[in-house]
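# Understanding the architecture of this molecule
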Amino acid sequence: MTMTDPIADMLTRIRNANMRAKESVDVPRSNAKCEVARVLKAEGFIKDYKEIEDNRQGVIRVYLKYGNQKERVIRQLKRESKPGRRLYTGVDDLGKVMGGVGVAIVSTPKGIMSDRECRKAKVGGEIICTVW
């Protein structure tokens with residue numbers, strides 16, 4: 001089975017594991033997914049992630065984060081730009097997600113970064129997903 005949208009697959013795996021309050025979830029590795037995981041960690045939505053070799057493409061193990069009472073840190077994880085409908089935005093049109101509580105993860109010419117980093121670097125791009 002060929003996967004048409006590996007990023008959506010990654011987000012769905014994280015969403016499902018989060019709903020079941022799992023400690024971690026494994027995702028097939030790709031550079032783009034590693035970058036998305038890096039931004040999620042930098043913005044405080046996941047505890048950590050680790051790349052694991054498996055003699056194929058490798059695996060990214062994402063360690064999910066919860067509050068003291070096991071409340072979810074990730075409330076919503078939504079794929080914005082899809083293969084059938086790409087969503088691009090300039091830096092000036094990059095609004096704040098949930099009034100600044102959430103984060104948009106954007107693929108830019110300078111790499112994958114959060115909407116905050118995009119505003120700092122004054123660069124727009126394709127909105128991969130939003131999370132809050």
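Residues numbered from 1 in each chain as written. Predicted model: local features only at pLDDT ≥ 70, side-chain atom pairs only at ≥ 80, totals over all residues. Heavy atoms only, no water.

Looking at an unreviewed UniProt entry, one finds the chain named Small ribosomal subunit protein uS8, with uncultured planctomycete Rifle_16ft_4_minimus_3099 as its source organism. Its UniProt record gives the chain the following Sequence similarities (unreviewed entry) comment, quoted word for word: "Belongs to the universal ribosomal protein uS8 family." Quoted verbatim from the Function (unreviewed entry) field of the UniProt record, the comment on the chain reads "One of the primary rRNA binding proteins, it binds directly to 16S rRNA central domain where it helps coordinate assembly of the platform of the 30S subunit." (UniProt positions renumbered as here; feature names shortened; annotations may be inferred.)

Our focus in this paragraph is the pattern of salt bridges. Within the structure shown, the criterion is met by 11 salt bridges. For R29, the salt bridge identified is with E51, shortest N-O distance 2.7 Å. Of this pair, R29 sits in the loop between β1 (24–28) and α2 (31–42) while E51 sits in strand β2 (residues 46–52), and the two are 22 residues apart along the sequence. The exposure class of R29 is partly exposed, given its relative accessible area of 21%. (Salt bridge = Lys/Arg side-chain N within 4 Å of Asp/Glu carboxyl O. Helix = DSSP H or I, 4+ residues; strand = E, 2+ residues; numbered from the N terminus. Buried < 20%, exposed > 50% of the residue type's maximum accessible area, 1.4 Å probe, protein only.)

As a further point, take α2. With 12 residues, α2 should cover 16 Å at 1.5 Å per step; its first-to-last C-alpha distance of 16 Å lies within 8% of that length. Residues K33, C34, V36, A37, V39 and L40 constitute the buried set of α2. Two residues or fewer after α2 comes G44, characterised by a positive phi angle close to 85 degrees. (Expected span 1.5 Å × (residues − 1).)

Working definition: the strands of a sheet are paired by backbone hydrogen bonds and lie parallel or antiparallel to each other. The strand order across the open sheet formed by 3 strands is β1-β3-β2, and the pairing between neighbours is antiparallel. Strands with a single pairing partner mark the edges of an open sheet, and in this sheet they are β1 and β2. Neighbour-to-neighbour, the strand axes of the sheet open up by a mean angle of 20 degrees, direction not taken into account. Of the pairings in the sheet, the one linking β2 to strand β3 (residues 59–64) comprises 6 bridges and is antiparallel in character. By the bridge assignment for β3, I52 is matched with V59. Against the sheet, helix α1 (residues 6–19) contacts β1 and β3, and its axis sits at roughly 165 degrees relative to β1. Sheet strands touched by α2: β1, β2 and β3. Its angle to β2, the strand with the most contacts, is close to 155 degrees. (Pairing = 2+ DSSP bridges. Axes fitted to C-alpha atoms, helices over the stretch in contact; angles between N-to-C directions. Contact = heavy atoms within 4.5 Å.)

Looking at the element boundaries, S81 is found in the loop between β4 (77–79) and β5 (88–89). The class for S81 is buried, based on a relative accessible area of 0%. Here S81 is in contact with R86, L87, E126, I127 and I128, once residues within four sequence places are set aside.

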